[in-house]
Amino acid sequence: AEKIEAGDGDVDEEGEKIEETISMAERIEMVEELERVMRERFLAGMDGEFVDYANIDNNEALDERWAKVVQQDAEDAYFDDMDAE
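What counts, and where the lines are drawn
- Residues numbered from 1 in each chain as written.
- Predicted model: local features only at pLDDT ≥ 70, side-chain atom pairs only at ≥ 80, totals over all residues.
- Heavy atoms only, no water.
- Salt bridge = Lys/Arg side-chain N within 4 Å of Asp/Glu carboxyl O.
- Helix = DSSP H or I, 4+ residues; strand = E, 2+ residues; numbered from the N terminus.
- Buried < 20%, exposed > 50% of the residue type's maximum accessible area, 1.4 Å probe, protein only.
- pLDDT = per-residue confidence, 0-100.
- Phe/Tyr/Trp six-rings, centres within 6.5 Å; stacked < 30°, edge-to-face > 60°.
- Lys NZ or Arg CZ within 6 Å of the ring centre and 35° of its normal.
- Expected span 1.5 Å × (residues − 1).
- Polar contact = N/O pair within 3.5 Å; in protein donor to acceptor, adjacent residues only side chain to side chain.
- Contact = heavy atoms within 4.5 Å.

**Looking at the pattern of salt bridges**
Under the criterion given, the structure shown has three salt bridges. Here Glu-33 and Arg-36 are joined by a salt bridge, their closest N and O atoms 2.5 Å apart. A residue pair is termed a helical-turn pair when its members lie 3 or 4 positions apart in one helix, as Glu-33 and Arg-36 do in helix α1 (residues 24-43) at three residues. Assessed through its relative accessible area of 40%, Glu-33 is described here as partly exposed. The structure contains a network of salt bridges with shared partners spanning Glu-33, Arg-36 and Glu-40.

**Considering the confidence of the model for the protein**
Here the protein averages 84 in pLDDT, while 84% of its residues score no lower than 70. For the protein, per-element mean pLDDT is lowest for strand β1 (residues 3-5), which scores 54, and highest for α1, which scores 95.

**What about the packing of aromatic side chains?**
Tallied over the full model, the rule gives two aromatic pairs. Measuring from centroid to centroid gives 5.5 Å for Phe-42 and Tyr-53, while their planes differ by 35°, and the two rings are tilted. Placement of the pair is Phe-42 in helix α1 and Tyr-53 in helix α2 (residues 53-57), with a sequence separation of eleven residues. For Phe-42, a relative accessible area of 35% translates into the label partly exposed. Pairing Tyr-78 with Phe-79 gives two aromatic rings, centres 5.2 Å apart and planes at 80°, and the pair type is edge-to-face. Above the ring of Trp-66, the side-chain terminus of Arg-65 is found at 4.8 Å from the ring centroid.

**Examining helix α3 (residues 60-84)**
The terminal C-alpha atoms of α3, which comprises 25 residues, lie 36 Å apart, in line with the 36 Å expected from a rise of 1.5 Å per residue. You can read the cap of α3 off the contacts: a side-chain oxygen lies 2.9 Å from the backbone nitrogen of Ala-61, and it is on Asn-59.

**Some words on the side chain of Asp-47**
Along the chain, Asp-47 falls in the loop between α1 and α2. Once residues lying within four places of it in the same chain are set aside, the contact partners of Asp-47 are Met-38, Arg-41, Phe-42 and Tyr-53.

Here's what the structure looks like:
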């Protein structure tokens, strides 16, 4: 398995260089976990320091896009119900 070494500047609390390698699978798992946490923080409104939520909430162009998605979902559900009958 491919190993990835810790970055050159990684040090522990005592200032000692960290000599650690992780497998590609571990790296992928760590990246996925980071992405999950970031997504949850964004959706929970916890990234106000980095994200202008008011700008997103008041952006009518985004509303227009979602209105189309909602309309398409409603049409799909309607025709799915007709097919089931």
